[in-house]
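Breakdown of the fold
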Amino acid sequence: MRYSIFTLARQAFSGHRRWSEAWRDAEPRPGYDVVVIGGGGHGLATAYYLARNHGVSRIAVLERGWIGSGNAGRNTTIIRSNYLLAGNNPFYEWSLRLWEGLEQDLNYNTMVSQRGVLNLCHTDAQRDAFARRGNAMRMHGVDAELLDPEQIRQMLPLLDFDNARFPIRGGLLQRRGGTARHDAVVWGFARAASALGVDVIQNCEVTGFVRQGERICGVQTTRGTIHADRIGMAVAGSTSRVGQLAGLRLPIESHVLQAFVSEAIKPLIHGVVTFGAGHFYISQSDKGGLVFGGDIDGYNSYAQRGNLPTVEDVCEGGMALMPALGRVRMLRSWGGVMDMTMDGSPIIDRTPVEGLYLNGGWCYGGFKATPASGWCFAHLLARGESHELARAYRLDRFASGHLLSEKGQGPQPNLH
Amino acid sequence: MRIPCPYCGERDVSEFAYLGDAGYVRPDPDTADAPRRYVEAVYLRDNPAGPHEELWFHSQGCRQWLQVRRDTRTHEILGLRVAGPTADPEAG
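In short, a report on the structure. (Residues numbered from 1 in each chain as written. Chains lettered and ligands numbered in written order. Predicted model: local features only at pLDDT ≥ 70, side-chain atom pairs only at ≥ 80, totals over all residues.)

**Quick word on the overall build of chain B**
- A tally of helices and strands in chain B yields one helix and six strands.
- With the C-alpha coordinates of chain B rotated into their principal frame, the extents come out at 45 × 35 × 20 Å.
- Residues classed as buried in chain B amount to 15% of the 92 residues present. (Helix = DSSP H or I, 4+ residues; strand = E, 2+ residues; numbered from the N terminus. Buried ≥ 20, exposed ≤ 12 C-beta atoms within 10 Å, placed from the backbone.)

Here it is as structure tokens:
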């Protein structure tokens with residue numbers, strides 16, 4: 001069923017009782033051309049682009065729980081392409097361009113809202129670094145504006161501009177950045193993939209791999225053995241665990257990242273504001289809740305929940321940036337498990353095991369990458385070679401020395 | 001999460017700094033496959049979901065390095081000792 005104003009009107013006349021299911025909750029078949037492990041945004045996008053761009057016909061997405069139950073439903077929904085490095089920027093810019101056309105492409109309202117992403121700076125050195133990053137973005141054809149404090153004051157009058165420790169000296173604004181509705185992205189890709197014949201299989205946990213000599217030719221699951229020519233992992237957060245089933249040891253640590261939402265209030269913050277010096281960022285959802293977060297807790301964790309010192313630290317950051325936030329009550333907090341790589345950049349590559357491909361290591365920046373990640377991983381799975389935009393995301397870069405580190409922190413995942 | 005420091009008693013996690021997996025051993029640079037061993041030591045991790053041996057520094061307390069055994073699924077502390085060769089008085 002195609003969604004449109006006419007469909008909506010027709011359904012309204014029948015009391016909205018005749019909407020069909022958005023996607024098929026499929027049963028596993030014995031074999032596929034490609035099996036994608038992980039029914040989050042990245043896995044579903046991969047399946048969609050495999051079917052749409054490459055004409056692969058027999059595709060399954062295997063999800064341990066329900067689709068979008070992992071990090072796809074736990075992030076803070078920000079989309080942007082304000083990266084410095086040449087290995088990163090064109091990839092994220094392609095992702096942002098896909099976001100810009102995603103609703104028409106998927107025929108699904110993913111609520112993409114280009115309300116702007118503003119990074120604040122507090123020293124001359126930081127402003128120089130922002131100017132450099134903005135220039136790098138513009139050289140890649142990406143929009144970037146360096147703002148002075150007066151321009152920011154007009155946008156966000158309630159910020160603490162004259163904070164004794166971190167006075168606001170300016171900011172780097174990407175107007176095309178913004179937010180999208182994370183659950184709708186999952187549902188939209190699932191619906192569009194399902195319409196192209198992809199089997200979206202829920203409650204199907206991968207428990208092992210089927211080997212034929214050195215090659216992997218299938219997966220063992222809680223719903224039986226499924227054979228496939230090629231298998232793609234898109235299980236960020238659990239990449240080490242699934243990789244271990246295939247004998248892989250990876251340059252990844254799993255860390256917990258917390259996020260928070262306040263009670264709903266009237267419009268206060270138009271776009272996304274990041275306060276890097278205070279380890280804090282914030283935006284406001286369409287429902288009115290302030291959505292905010294900070295750093296990862298900083299220790300290995302698969303718990304999907306964090307600890308209170310980080311909650312306190314994030315709230316202190318918010319109070320330092322915008323003292324008026326002290327009047328707002330925090331409603332909920334939650335945690336997600338991040339694949340923190342050793343250089344802070346993702347991996348989209350074949351693995352040393354024939355037949356097995358890896359998409360992971362998204363650190364805490366995976367949501368914005370969803371469409372391009374699926375686009376490039378589908379290319380890799382269909383053609384057997386890296387997509388031009390993802391060629392820096394090689395697994396062997398740690399051995400070859402071609403690291404891709406935006407922050408240059410060294411192999412210490414809790415500092416990225 | 002609280003860590004029972006052997007010198008300071010049970011202390012809040014915010015007093016500690018985290019380094020990571022305690023299994024890091026600096027490879028011998030004179031072995032034939034030293035480059036491969038260095039890549040493994042510097043970049044590759046077991047990253048288990050379950051008990052994990054890891055190094056914590058009590059930076060806001062006694063400033064000792066501790067080797068903690070902790071369950072990464074629950075954050076439960078399973079065991080702990082002072083890290084390094086001074087950990088065992090018998091070993092000198």
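**Comments concerning the sheet that holds strand β4 (residues 51–57) of chain B**
All names here are of chain B.
- Pairing within the open sheet is antiparallel, and its four strands lie in the order β3-β4-β5-β6. Across the chains shown, the open sheet's two edge strands, defined by having one partner strand only, are β3 (17–21) and β6 (77–82). Across the sheet, the mean angle separating the axes of adjacent strands is 30° when strand polarity is ignored.
- In terms of strand pairing, strand β5 (residues 65–71) meets β6 through five bridges, oriented antiparallel. Its bridge partner lying in β6, Arg69 is registered against Gly79. (Pairing = 2+ DSSP bridges. Axes fitted to C-alpha atoms, helices over the stretch in contact; angles between N-to-C directions.)

**Concerning the interface of chain B and chain A**
- Listed as interface residues are 20 residues of chain B and, on the opposing side, 21 residues of chain A.
- Only β3, α1 (34–43) and β4 of chain B provide two or more residues apiece to the side of chain B that touches chain A.
- Examining the composition of the side of chain B that touches chain A, we find that three residues originate from one element, α1 of chain B, more than from any other.
- Here the side of chain B that touches chain A is built from residues that sort into eight nonpolar, seven polar and five charged. (Contact = placed C-beta atoms within 7 Å. Nonpolar A, V, L, I, M, F, W, Y, C, P; charged D, E, K, R; others polar.)

**Considerations on helix α1 (residues 5–13) of chain A**
- In terms of burial, α1 of chain A is largely open, as just zero of its nine residues are buried.
- Gly15 of chain A lies just past α1 of chain A and shows a positive phi near 70°.

**Quick look at the sheet that holds strand β13 (residues 272–275) of chain A**
Residues and elements named next belong to chain A.
- Ordered in space as β5-β6-β4-β13-β14-β15-β12-β16, the eight strands form an open sheet in which the pairing is mixed. With one partner strand each, in any of the chains shown, β5 (145–147) and β16 (330–341) form the two edges of the open sheet. Neighbouring strand axes in the sheet, compared pairwise and without regard to direction, differ in orientation by 25° on average.
- Note that strand β14 (residues 280–284) and strand β15 (residues 289–300) share four bridges and pair antiparallel. Opposite Tyr281, over in β15, you have Gly293 as the bridge partner.
- Here helix α8 (residues 308–321) sits on the sheet in contact with β12 (252–264), β13, β14, β15 and β16, set at roughly 135° to β15.

**Describing the environment of Ile252 of chain A**
- Mapped onto the secondary structure, Ile252 of chain A falls in strand β12.
- Look at Ile252 of chain A and you get buried, because 27 C-beta atoms sit within 10 Å.
- Here the alpha-carbon distance between Ile252 of chain A and Asp339 of chain A, two residues 87 residues apart in the chain, equals 6.0 Å.
- Setting aside residues no more than four positions away along its own chain, Ile252 of chain A makes contact with Thr239, Ser240, Asp339, Met340, Thr341, Gly360 and Gly361 of chain A together with Arg45 and Asn47 of chain B.

**A few points about the nonpolar core**
- Formed by 120 residues in total, the largest nonpolar core has its most connected members in Val35, Ile37, Leu44, Ala47, Phe189 and Ala193 of chain A.
- Tallying contributions element by element places helix α9 (residues 366–383) of chain A first for this core, with nine residues.
- When neighbours within four sequence positions are excluded, Val35 of chain A is seen to be in contact with Ala60, Leu62, Val219, Ile226, Ala228 and Ile231 of chain A.
- Core analysis: the second largest hydrophobic core is formed by six residues, Cys5, Trp56, Leu66 and Val68 of chain B among them. (Core = buried A, V, L, I, M, F, W, Y, C linked by C-beta atoms within 7 Å.)

**Looking at α9 of chain A**
Residues and elements named next belong to chain A.
- By the largest-angle criterion, Ala372 marks the main kink of α9, which is about 45°.
- Buried residues dominate α9, accounting for 16 of its 18 residues.
- Backbone geometry just after α9 places Gly384 at a positive phi near 80°. (Bend = angle between axes of the 7 residues up to and from the residue.)

**Quick word on the packing of helix α3 (residues 89–106) of chain A against α9 of chain A**
Residues and elements named next belong to chain A.
- For the pair α3 and α9, the least separation of the axes is 7 Å and the interaxial angle reads 100°. The angle between α3 and α9 places the two elements in the roughly perpendicular class. Across the interface between the two elements, Phe91, Tyr92, Trp94, Ser95, Leu98, Trp99 and Leu102 from α3 touch Lys368, Ala369, Pro371, Ala372 and Trp375 from α9. (Parallel < 35°, antiparallel > 145°, perpendicular 65-115°, else oblique.)

**Concerning the pairing of strand β4 (residues 117–121) of chain A**
Residues and elements named next belong to chain A.
- Most of β4 is tucked away, with five of its five residues classed as buried.
- Residues Val117, Asn119 and Cys121 line one face of β4 and the alternating positions Leu118 and Leu120 line the opposite face, and both faces are buried.
- Of the strand pairs in this sheet, β4 and strand β6 (residues 170–174) are connected by five bridges, and their pairing is antiparallel. If you follow Leu118 over to β6, its bridge partner there is Leu173.
- Relative to β13, β4 is paired through three bridges, and the arrangement is parallel. The residue of β13 that forms the bridge with Leu118 is Val273.

**Some words on the packing of helix α2 (residues 41–54) of chain A against α9 of chain A**
Residues and elements named next belong to chain A.
- At a minimum axis distance of 7 Å, the contact between α2 and α9 shows a crossing angle of 45°. When the axis of α2 is compared with that of α9, the two are oblique. As α2 packs across α9, the resulting crossing turns out to be right-handed. Facing Gly41, His42, Ala45, Thr46, Tyr48, Tyr49, Leu50, Asn53 and His54 of α2, the residues of α9 in contact are Gly366, Phe367, Thr370, Pro371, Ser373, Gly374, Trp375, Phe377, Ala378, Leu381 and Ala382. (Left-handed = near helix turned anticlockwise from the far one by under 90°.)

**Structural notes on the pairing of strand β1 (residues 2–5) of chain B**
Residues and elements named next belong to chain B.
- Alternating residues of β1 divide into Ile3 and Cys5, all buried, and Arg2 and Pro4, none buried.
- Across four bridges, β1 lies against strand β2 (residues 9–12) in antiparallel orientation. If you follow Ile3 over to β2, its bridge partner there is Arg11.
- Hairpin remark: β1 followed by β2, antiparallel, with three residues in the connecting loop.

**Description of the environment of Glu205 of chain A**
Residues and elements named next belong to chain A.
- Secondary-structure assignment places Glu205 in the loop between β8 (199–201) and β9 (206–212).
- Given 15 C-beta atoms within a 10 Å radius, Glu205 is considered partly exposed.
- When the C-alpha positions of Glu205 and Gly224 are compared, they lie 9.7 Å apart, and in sequence the two are 19 residues distant.
- Beyond its immediate stretch of four places on either side in the chain, Glu205 contacts Arg64, Thr221 and Thr222.

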